[in-house]
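Structural overview
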Amino acid sequence: AGGKICQPKLCGGKRFPAPYFAERTDVKLKNPYVLVAVLLFFSMLLLPLSSIPPASDSGGTSSGEAAPFSEKMDTFQIYNHETGKTEKIAAAEYVFGAVAAEISPDSEEEALKAQAVGCYTFACRKKWQREQSGQGDYDLTTDPSKDQAFCSREQAKEKWGENYEAWAARLEEAVKAVEGLLLTYENEPILAAYHCISGGKTESAANVWGQDYPYLQPVESVGDLLSPEYLSEERVSPDVFKEQAAAWGAELTGEPESWLSEPQRSQSGTVLSYKLGDIAVTGSQMRTAFGLRSANFDLSVGTDGQMVFTVRGYGHGVGMSQYGASYMAAQ
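This report concerns the structure included in the present document.

Calculation notes
Residues numbered from 1 in each chain as written. Predicted model: local features only at pLDDT ≥ 70, side-chain atom pairs only at ≥ 80, totals over all residues. Heavy atoms only, no water. Core = buried A, V, L, I, M, F, W, Y, C linked by side-chain atoms within 4.5 Å. Buried < 20%, exposed > 50% of the residue type's maximum accessible area, 1.4 Å probe, protein only. Helix = DSSP H or I, 4+ residues; strand = E, 2+ residues; numbered from the N terminus. Contact = heavy atoms within 4.5 Å. Phe/Tyr/Trp six-rings, centres within 6.5 Å; stacked < 30°, edge-to-face > 60°. Pairing = 2+ DSSP bridges. Axes fitted to C-alpha atoms, helices over the stretch in contact; angles between N-to-C directions. Polar contact = N/O pair within 3.5 Å; in protein donor to acceptor, adjacent residues only side chain to side chain. Parallel < 35°, antiparallel > 145°, perpendicular 65-115°, else oblique. Left-handed = near helix turned anticlockwise from the far one by under 90°. Nonpolar A, V, L, I, M, F, W, Y, C, P; charged D, E, K, R; others polar. Salt bridge = Lys/Arg side-chain N within 4 Å of Asp/Glu carboxyl O.

1. Brief notes about the nonpolar core
Among the nonpolar cores identified, the biggest contains 49 residues, and Phe76, Tyr94, Tyr120, Trp160 and Leu216 are the most heavily contacted of them. Listed by contribution, the elements that provide at least two residues to this core are strand S2 (75-79), helix H3 (91-102), helix H4 (109-133), helix H5 (153-160), helix H6 (164-177) and strand S5 (181-185). Among the elements that line this core, the one with the most residues is H4, at 11 residues. If we skip the residues at most four places from it in the chain, Trp160 touches Phe96, Ala100, Pro105, Trp167, Ala168 and Leu171. One finds Phe241, Ala250, Phe297 and Met307 within the second-largest nonpolar core, a separate group that totals 19 residues.

2. Structural notes on unusual backbone geometry
Its identity as a non-glycine residue notwithstanding, Glu186 has a phi of 50°, on the positive side. Residue placement: Glu186 occurs in the loop between S5 and strand S6 (188-189). Unlike most non-glycine residues, Asn187 shows phi in positive territory, near 65°. By the element assignment, Asn187 lies in the loop between S5 and S6.

3. Some details on the packing of aromatic side chains
All told, the structure shown has 14 aromatic pairs when counted by the stated rule. A ring pair is formed by Trp160 and Trp167, whose centres lie 6.1 Å apart and whose planes are at 85°; its orientation type is edge-to-face. Given the relative accessible area of 24%, Trp167 is considered partly exposed. Both rings, one in Phe241 and one in Trp259, keep their centres 6.0 Å apart while their planes meet at 5°; by these two values the pair is stacked. Residue Phe241 is found in helix H8 (residues 238-247), and its partner Trp259 is found in the loop between H8 and strand S9 (264-265); the two are separated by 18 residues along the sequence.

4. What to know about the pairing of strand S12 (residues 297-301)
Pairing of S12 with strand S13 (residues 307-312) involves five bridges; the strand directions are antiparallel. In the sheet register, Phe297 faces S13, and the bridge partner there is Val311. Hairpin connection, S12 to S13: the antiparallel pair is bridged by five residues, and Gly305 has positive phi, about 90°.

5. What to know about the sheet that holds S13
Read across the open sheet, the three strands follow the order S8-S13-S12; overall the sheet is antiparallel. Here the strands that pair on one side only, and so sit at the sheet edges, are strand S8 (231-236) and S12. Each neighbouring strand pair of the sheet contributes to a mean axis angle of 20°, computed without reference to strand direction. Its contacts with the sheet put helix H9 (residues 283-290) on S8, S12 and S13, and the angle it makes with S12 is roughly 65°.

6. Quick look at helix H10 (residues 322-330)
Regarding H10, the residues found buried are Gln322, Gly324, Ala325 and Ser326. Residues of H10 that are buried sit in contact with H3, H4, strand S7 (194-195) and strand S14 (320-321). The backbone nitrogen of Gly324 has a side-chain oxygen 2.9 Å away, supplied by the residue at the start of H10, namely Ser321.

7. Here we look at the environment of Leu216
In this fold, Leu216 is placed in the loop between helix H7 (205-209) and S8. We classify Leu216 as buried; its relative accessible area is 1%. Those residues in contact with Leu216 that lie beyond four places of it in its chain are Leu191, Ala193, Glu203, Ser204, Ala205, Val318 and Gly319.

8. Details of the packing of H4 against H10
Between H4 and H10, the least distance of the axes is 7 Å, while the angle of their chain directions is 135°. With respect to H10, the element H4 is oriented oblique. The crossing of H4 and H10 is right-handed. Side by side, H4 and H10 meet where Glu110, Ala111 and Gln115 of the first sit next to Gln322, Ala325, Ser326 and Ala329 of the second. Along the lines of polarity and charge, the residues of the contact of H4 with H10 split into three nonpolar, three polar and one charged.

9. Observations concerning the pattern of salt bridges
Going through the model one piece at a time under the given rule, you end up with 11 salt bridges. In this structure, the salt-bridge partner of Asp147 is Lys126, at a minimum N-O distance of 2.9 Å. On the criterion of sequence distance, the pair formed by Asp147 in the loop between strand S4 (140-141) and H5 and Lys126 in helix H4 is long-range, its members being 21 residues apart. For Asp147, a relative accessible area of 12% translates into the label buried. Between Arg312 and Asp298 there is a salt bridge, with its nearest N and O atoms 3.0 Å apart. Placement of Arg312 in strand S13 and of Asp298 in strand S12 is noted, with a sequence separation of 14 residues between them. Residue Arg312 is classed as buried on the basis of its relative accessible area of 18%.

Rendered as structure tokens:
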């Protein structure tokens, strides 16, 4: 989430221009001493490269590069929160279902691969944690409020309709391209967080979940600003707003304009604290209570007297922005 994937072909497929001496095919080497000099030059370039050892699994340094996990996980025990049943699912099939549920199948190819790495890493972390604790009968649930979403092949067919064959093939190809790859930090699978659209800069996990992770820090994601769903708006009547404030213990009096305050924000724009009367509530609380797409918002009173939330982004903002990843892949 937010890191580089360890296969060069995932970097957009661009090629660096050939060096100048490779382009000058019209140069004729008539002097044999020149030919020897050229051969020696190439030897000096190639020999040091041949002595470089292959990359090892260093456990994922702060660069966040993907590395093969020492205990590759081929299956997962999945609890279906809708049926109440637990089923063992092959890793590739689980990742397909998670990717199908979590990101639009028409996203850029490299973004789909990044999402597949994220979903697999998230699942490996959950299974690893369960094995470490020795508790629980399953690795993950299909409940997106607890883990990550998942849809079966049947659900995907119903969801995609006539596009199923084409989109399923697209996702299968992306999943296969990065099969077995995950992101690690200090030899542990990372918390591979992701969200739909950031506010232009991703958020620190500490500001959302209260726990800091060195690999879940704010980074620019300017492509999100171009999303047609970057801005959204929610309108609430003053009575409903006042009632919710009372539930938090805040007594609001006077005109709605007097209820407004300047929020305390994170560097990414998330509302950390909003003062309502004598009570401070979090942006996350307000997001949940009023059904906002994110906790990065402005609050004002509209000309019609309604309380207006102008919201930026979609999701908690931590880790990989799916729209941002697709935008970067398109470049």
